[in-house]
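Given next are the chains, with one letter for each unit.
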Amino acid sequence: MELIGFQERAASQISNRFFEYSENPLMVDRTTPVPFLQTLVAITGSGKTLMLADAISQIRDGLGVAPVVLWISKGRVVVSQTLENLSSGKYADNLHGFDIVPLLEVTPDLLSSSDTPVLLVATVGKFAVEDTTSDDRKVYRAQLDLAEESLWVQLKKRQTEIGQRRPLIIVYDEGHNLSDLQSERLLELAPDALIVASATLTLPPRLNNVMTRLRNDRRWTDDDFSTAVSSKEVVLSGLVKERISIDGYITPLEPALDNLLKDLEAAQSVAKEQRLPFVPKAIYVCSTNTVDGMSISEDLKRPFKDRQARPILIWRYLVEVAKVEPEKIAVYCQLKFSKESPKPLEMHLFSGGEKDYVRFTAGNYQHVIFNLGLQEGWDDPACGFAYIDKEMASARQITQVVGRVLRQPGAEHYNDPLLNTAHFHIRTDEKGVFDDILRDIRKDLSSEHPSISVVVKDEKTRGKRDRIYPQSTRTVPTVGIESSRALEPISSVVRSIMDFRSDNMNTIGRGSRMQVLQKVGEDSNAQFEWVDVEHSNRVTARSVFRREIQRSYPGGLRRAGGPINLVDIEEPKFDAMIELSSPAADHLRAKAQEVVAAYIEHSIIFQNDVDTPYSVGPVAIDFDTSEKFKRALHSEYSGLNSLEITFARALDRTQRVWARNPVGSGYSLPLLHEGKAYWPDFLVWVDKAVIVVDTKGDHLLVEATASKLFDIDGGDARKPILLKLVSEGHTEIVNGTLKKQKKSGFTVWSWRNGRLQPTHCDTEKESVDAVLRID
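As a starting point, this report considers the structure included with it. What you are looking at is a predicted structure, and each value in this text was computed from that prediction instead of being measured. (Residues numbered from 1 in each chain as written. Predicted model: local features only at pLDDT ≥ 70, side-chain atom pairs only at ≥ 80, totals over all residues. Heavy atoms only, no water.)

### As for helix α16 (residues 541-552)
Within an α-helix, residues lying three or four positions from one another point in the same direction, as the helix has 3.6 residues per turn.
And step 1. Along its twelve residues, α16 runs 17 Å from first to last C-alpha, staying within 8% of the 16 Å computed at 1.5 Å per residue.
And step 2. Residues of α16 that are buried include every one of Ala541, Arg542, Val544, Phe545, Arg547, Glu548, Ile549 and Gln550, and no others.
And step 3. Buried residues belonging to α16 abut α1 (5-22), α2 (48-62), β23 (538-540), β24 (577-579) and α17 (583-602). (Helix = DSSP H or I, 4+ residues; strand = E, 2+ residues; numbered from the N terminus. Expected span 1.5 Å × (residues − 1). Buried < 20%, exposed > 50% of the residue type's maximum accessible area, 1.4 Å probe, protein only. Contact = heavy atoms within 4.5 Å.)

As structure tokens, then:
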């Protein structure tokens, strides 16, 4: 799977930091290193598994001995999904060459191979016990038909055929579950690295010794321990939703469910109208066998229609009142029944076993009723709605459920905010309880999901609109990158790439140094010594070339292709096996940069008047802070900064139809030089053109003028797209540098004849007139 720019940067930072540390690691004793410690801090839905897999792949490429990777998590569901995704699913290509097996299925020959990296997947329950001498865990028992030593001992030794100890990299997905006992057991293995992924930077006290050594002896700061991913970049990439809507109820069950189903039906209608390849779904989180408001279990012999267990009440409401087909509903919890009163045949009940999970995921249910046992590991981006019952309505539990609803289907935002919002309907006993929960939720979400806006509704505000439709239909021609002229220059670069398949000199690394622990002598007198390994694992020329293109052109326009799509990457010469520090690798990286340069130089941005144009859709608003407008395409907007609101008010005093353009889900333009898209602030329709306007403060002006003003080729001359930029103050271009001459007024920027053209204006009215002027 191709990585987005922020994902590639995070993976590379982890691997680069590992190699920097491993050149001179700290030691606990002569044979036990202080492990490299790194936390990947990224919000749910950002692609943590993909980033970890790529980091592991980069670490493998640079090591002299093939590593052993122990990939662990707490829940069986997570582990099962991880094993499938890494071995044969969507991330398999990112771990090319690895043998990927469950921990208990690894054989001694896999652990002793110096050439083939092995990745072992397990739950923490396989080894996290106080007494390792007990027979309760298979990992601590010898399997005499395979080896005389237990698997745990073999992992500690992990010796190759010539006695070298293989590097051990431990990856803990969903790392907020990491405990002191788990840390203790993992450190027994003398790992070379411990990489933990979580939405927040939290580590158990047992790792304090490791962190103290690194702080004192390597002068590490908090930033050195973590690789943080910007939540803003994750949201802009389309991987997660833009908003979280929280609707609170102090009512019986039915009104909350009724409102959720109305919202769900509206979202399903929008998805159908836009012909999207998914159907929005809902989850219902509740206790299992208890009665409403009581902690005691109910009588299982009661007739089904008299049962009060919450999953049954929800299921009956969906089937009997909302008329949802039972085939679309799954109940995933250990709901109990008796022989005297069995469950209805049409109820699809899954108790949580491994086979149940496989059957459940294959069912593609649109309504899922479950307790918190399913919350980690299950991943369905089509799920955008959640009902949370009062026994489950704590701030911590709700923020954990957020992850199940936050992922965005199709990894793109749509031009209706209903599909870009995670909807929560929460039932509590009294208003004070909901207010307390809401305060805690805001605190948690601001730290874990700071770039996602939160909208709160209750009985008083539920009727207010938070989504405004356009008052008329307005369209804008799409803009794309036309790169056919770049094909021949890129092909010329590719033809100039040397073929290293028969080269035994230039494919060897130089100047690299790494040490591994090696057994010296026979068993009775054996000692372990650190020996230099001068060569890294070999990788294909293809992977080096492809990765360098990805780094140079980071893939924000991944759906629009990019330079890699103009390269015949399957050419046989890319099969050459080379070391990362070799002259061959340097040659390939240089050629990859030439390919990117040729793509940028010979491609053009053009107006596409053939394909279906962009049609302005509804916008989301905050009904507490929105402002009304008369000439705007939508009757009101919210979320504008001071410069934007000043310009919007001035624009509204003209006779032109205009619209605020939402970031992420609105009209976008490609930035050819950066390989990503941007969303301008305003769209204005005039007689002869559509004017696209961006407003920028001083701190962003240099970047904006350099990248967001350019020529758009082609298109219908009767309705071209024109780009304008507005900044505060009077700014001049002096010797190629922007220099502010006056703080008051405005500067309107345009692009003419391949040059930036500033126009100074004293008032906002003059600036709007300058923007609307067509030369």
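### A few points about the pattern of salt bridges
And step 1. In total, this model carries 32 salt bridges according to the counting rule given.
And step 2. Salt-bridge contacts for arginine 206 lead to glutamate 184; the nearest nitrogen and oxygen are separated by 2.6 Å. Of this pair, arginine 206 sits in the loop between β8 (193-198) and α7 (208-218) while glutamate 184 is found in helix α6 (residues 180-188), placing the two residues 22 residues apart along the sequence.
And step 3. The partly exposed category is assigned to glutamate 184, whose relative accessible area is 32%.
And step 4. Put simply, aspartate 380 and lysine 281 hold a salt bridge, and the shortest N to O gap is 2.7 Å. Taken together, the positions of aspartate 380 in the loop between β14 (367-370) and β15 (383-388) and lysine 281 in strand β11 (residues 281-285) put the pair 99 residues apart, joining distant regions of the chain. (Salt bridge = Lys/Arg side-chain N within 4 Å of Asp/Glu carboxyl O.)

### Topic: the environment of proline 67
And step 1. For proline 67, the location among the structural elements is in the loop between α2 and β4 (68-73).
And step 2. What makes proline 67 buried here is its relative accessible area of 1%.
And step 3. For the pair proline 67 and phenylalanine 98, spaced 31 residues apart in the sequence, the C-alpha separation amounts to 9.6 Å.
And step 4. Contacts of proline 67, omitting those with residues within four sequence positions, involve Arg60, Pro117, Val118, Arg166, Pro167, Ile169 and Asn537.

### Considering α17
And step 1. Along its 20 residues, α17 runs 29 Å from first to last C-alpha, staying within 8% of the 28 Å computed at 1.5 Å per residue.
And step 2. Every buried residue belonging to α17 is among Ala584, Ala585, His587, Leu588, Lys591, Ala592, Val595, Val596, Ala598, Tyr599 and Ile600, and all of these are buried.
And step 3. Residues of α17 that are buried make contact with β20 (478-482), α15 (487-495), α16 and β24.

### Looking at the sheet that holds strand β34 (residues 690-696)
And step 1. Sheet architecture is open: six strands sit in the order β30-β33-β34-β35-β36-β37, paired in mixed fashion. Across the chains shown, the open sheet's two edge strands, defined by having one partner strand only, are β30 (657-660) and β37 (755-761). Recorded for the sheet is a direction-independent mean angle of 30° between the axes of neighbouring strands.
And step 2. With four bridges joining them, β30 and strand β33 (residues 682-685) adopt antiparallel strand pairing. Bridge pairing links arginine 660 to phenylalanine 682 in β33.
And step 3. Seen against the sheet, helix α18 (residues 642-652) touches β30, β33, β34, β35 (721-734) and β36 (737-752) and runs at an angle of roughly 150° to β34. (Pairing = 2+ DSSP bridges. Axes fitted to C-alpha atoms, helices over the stretch in contact; angles between N-to-C directions.)

### Some thoughts on the nonpolar core
And step 1. Ranked by size, the top nonpolar core spans 105 residues in total, and within it Leu70, Leu119, Leu120, Ile283, Phe360 and Phe424 carry the most contacts.
And step 2. Counting 81 residues, the second largest nonpolar core, distinct from the first, contains Val476, Leu651, Leu671 and Phe682. (Core = buried A, V, L, I, M, F, W, Y, C linked by side-chain atoms within 4.5 Å.)

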